[in-house]
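Residue-level structural notes
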Amino acid sequence: MAYTRKDVSTLTAAERRRFVKALLEVKRRGEYDEFVRMHIEYYVSDGEGGLRTAHMAPSFLPWHRRFLLELEKALRRVDSSVTLPYWDWTRDRTPTSAPWTADLLGGNGRRSDLQVTTGPFAYATGDWTIKDGVTDRRFLTRDLGRARDPIDLPKQSDLEWALADPVYDTSPWDSTVTRGFRNKLEGWGSGRGSTAWRNHNRVHRWVGGVMVGGASVNDPVFWLHHAFIDLLWTRWQRRHREHRYLPAGPPAAGTRPHGRVVARHEKLPPWDVTPDQLEDVGGIYRYA
Ligand code: CU
Ligand code: CU
């Protein structure tokens, strides 16, 4: 039977405790840092050659869907009652609301060095030492709202702009496309400064610290953020039932995106699974 992923603000005290405990155990076992490394490895951008799977590509959504399922499996091996909660940042919009409480992910980083000093993932607990990062800092960092150059979280209207687009994605299937649900949600925009960061990308920026860049998995909020992104994909699917993942087939030889993106029935590295197989996960989990 399918299990349920809940809004993090609705978790009971016991559910919060079990979720945090399972995360810490996955970290203790060394499995968590493998997820960090995998995400760094698959952080390939438009400017680089080769296949793009996780970001700046149509498979942004199925890649992270599978990535979340793998972490969730690891959590459920520890405690089978645990599922990934999601953070609805259109509702919980302040640095003190869920999930930034002491019984969940802890709060903002301190001013001097952005180090998170509260909650279960504070460096001083000894349970959350960063092994693989973009910098050699070993502690978790956050800069909620980006104090020096404030940025706000995306609003419901920003999401609506993405959800209303009936086309999943469009050629050249990268960070430059201005139409299609995928990039409107992933959030690569044009222009300077914070207006260029939309929806998914903007939330990474709003959290700041390690959440900016390839090592973002080091902040456990990564999973809650991406669970909400995954939920939004299911909402888009429900709203546009006649539309599906694109491209349906590989881009033609000789065109720019050839060999750079994963088509609907092609394997999505590093897994033996296709975007087509990841479109319907209703048999595994649902969102409350
Ligand atoms: Cu990612
Ligand atoms: Cu992300």
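Everything below is about the structure printed above this text.
Scope of this entry: the structure provided in the associated data block. (Residues numbered from 1 in each chain as written. Chains lettered and ligands numbered in written order. Predicted model: local features only at pLDDT ≥ 70, side-chain atom pairs only at ≥ 80, totals over all residues. Heavy atoms only, no water.)

**Quick notes on the overall build of the protein**
Within the protein one finds 8 helices and 2 strands. Ordered by position in the sequence, the α and β elements of the protein form the string β-α-α-α-α-α-α-α-α-β. The C-alpha radius of gyration computed for the protein amounts to 18 Å, which stays within 12% of the reference 19 Å derived for 288 residues, consistent with globular compactness. Structurally, the protein occupies a C-alpha span of about 55 × 45 × 35 Å along its principal axes. (Helix = DSSP H or I, 4+ residues; strand = E, 2+ residues; numbered from the N terminus. Rg over C-alpha atoms; globule rule 2.2 N^0.38 Å.)

**Comments concerning the coordination of the copper ion (ligand 2)**
Within the protein, H200 (NE2), H204 (NE2) and H226 (NE2) serve as the donor atoms for the copper ion (ligand 2), at 2.0 to 2.1 Å. On the primary sequence, the residues serving as donors to the copper ion (ligand 2) are separated as H-x3-H-x21-H. (Donors = N, O, S within 2.8 Å, 3.2 Å for Na, K, Ca; no water.)

**Remarks on the pattern of salt bridges**
Going through the model one piece at a time under the given rule, you end up with 29 salt bridges. One salt bridge connects R52 with D46, and the closest N-O pair in it is separated by 3.5 Å. Note that R239 and E160 form a salt bridge whose closest N and O atoms lie 2.8 Å from each other. Placement of the pair is R239 in helix 7 (residues 221–239) and E160 in helix 4 (residues 156–163), with a sequence separation of 79 residues. Taking relative accessible area as the criterion, R239 reaches 42% and is therefore assigned partly exposed. (Salt bridge = Lys/Arg side-chain N within 4 Å of Asp/Glu carboxyl O. Buried < 20%, exposed > 50% of the residue type's maximum accessible area, 1.4 Å probe, protein only.)

**Things to note about the coordination of the copper ion (ligand 1)**
Around the copper ion (ligand 1), the donor atoms from the protein are H39 (NE2), H55 (NE2) and H64 (NE2), and they sit 2.0 to 2.1 Å away. The sequence motif formed by the donor residues of the copper ion (ligand 1) is H-x15-H-x8-H. Distance-wise, the copper ion (ligand 2) is placed 4.0 Å from the copper ion (ligand 1). With H39 in helix 2 (residues 31–41) and H64 in helix 3 (residues 60–78), the pair connects residues that are 25 residues apart, well separated along the chain. Using a relative accessible area of 2% as the deciding quantity, one classes H39 as buried. Of the residues examined, H64 reaches a relative accessible area of 4% and is grouped as buried.

**Focus: the nonpolar core**
With 72 residues, the main nonpolar core has Y32, L75, W87, W89, F181, W223 and L232 as its most contacted residues. Those elements giving two or more residues to this core turn out to be helix 1 (13–28), helix 2, helix 3, helix 4, helix 5 (181–186), helix 6 (199–207), helix 7 and strand 2 (285–287). The dominant element in this core, judged by the number of residues it contributes, is helix 7, at 11 residues. (Core = buried A, V, L, I, M, F, W, Y, C linked by side-chain atoms within 4.5 Å.)

**Topic: the packing of aromatic side chains**
Following the criterion strictly, the structure yields 25 aromatic pairs and no others. Both rings, one in Y168 and one in Y245, keep their centres 5.0 Å apart while their planes meet at 40°; by these two values the pair is tilted. With Y168 in the loop between helix 4 and helix 5 and Y245 in the loop between helix 7 and helix 8 (275–278), this residue pair connects regions lying 77 residues apart in the sequence. Taken individually, Y168 and Y245 each receive the classification buried, so the pair is uniform in this respect. (Phe/Tyr/Trp six-rings, centres within 6.5 Å; stacked < 30°, edge-to-face > 60°.)

**Examining unusual backbone geometry**
Both trends apply: most residues other than glycine have a negative phi, and most peptide bonds are in trans. The omega torsion across S171 and P172 is 5°, close enough to zero to call that bond cis. Along the chain, P172 falls in the loop between helix 4 and helix 5. For the bond running from P269 to P270, omega is 5°, close enough to zero to count as cis. Tracing the sequence through the fold places P270 in the loop between helix 7 and helix 8. At R146, a residue that is not glycine, the phi angle is positive and equals roughly 55°. Among the secondary structure elements, R146 is positioned in the loop between helix 3 and helix 4. In this structure, W173 takes a positive phi of about 60° despite not being glycine. Structurally, the position occupied by W173 is in the loop between helix 4 and helix 5.

**Re helix 3**
Because the α-helix completes a turn every 3.6 residues, residues three or four places apart line up on one side. Here helix 3 is 19 residues long and its end C-alpha atoms lie 28 Å apart, about the 27 Å a rise of 1.5 Å per residue gives. Judged by how many residues are buried, helix 3 sits mostly within the fold: 14 of 19 residues are covered. (Expected span 1.5 Å × (residues − 1).)

**Let's talk about the packing of helix 6 against helix 7**
Running from N to C, helix 6 and helix 7 cross one another at 160°; their axes reach a closest spacing of 11 Å. Between helix 6 and helix 7, the crossing angle belongs to the class labelled roughly antiparallel. Crossing angle aside, the handedness with which helix 6 passes helix 7 is right-handed. Across the interface between the two elements, H200, V203, H204 and V207 from helix 6 touch V221, F222, H225, H226 and I229 from helix 7. (Axes fitted to C-alpha atoms, helices over the stretch in contact; angles between N-to-C directions. Parallel < 35°, antiparallel > 145°, perpendicular 65-115°, else oblique. Left-handed = near helix turned anticlockwise from the far one by under 90°. Contact = heavy atoms within 4.5 Å.)

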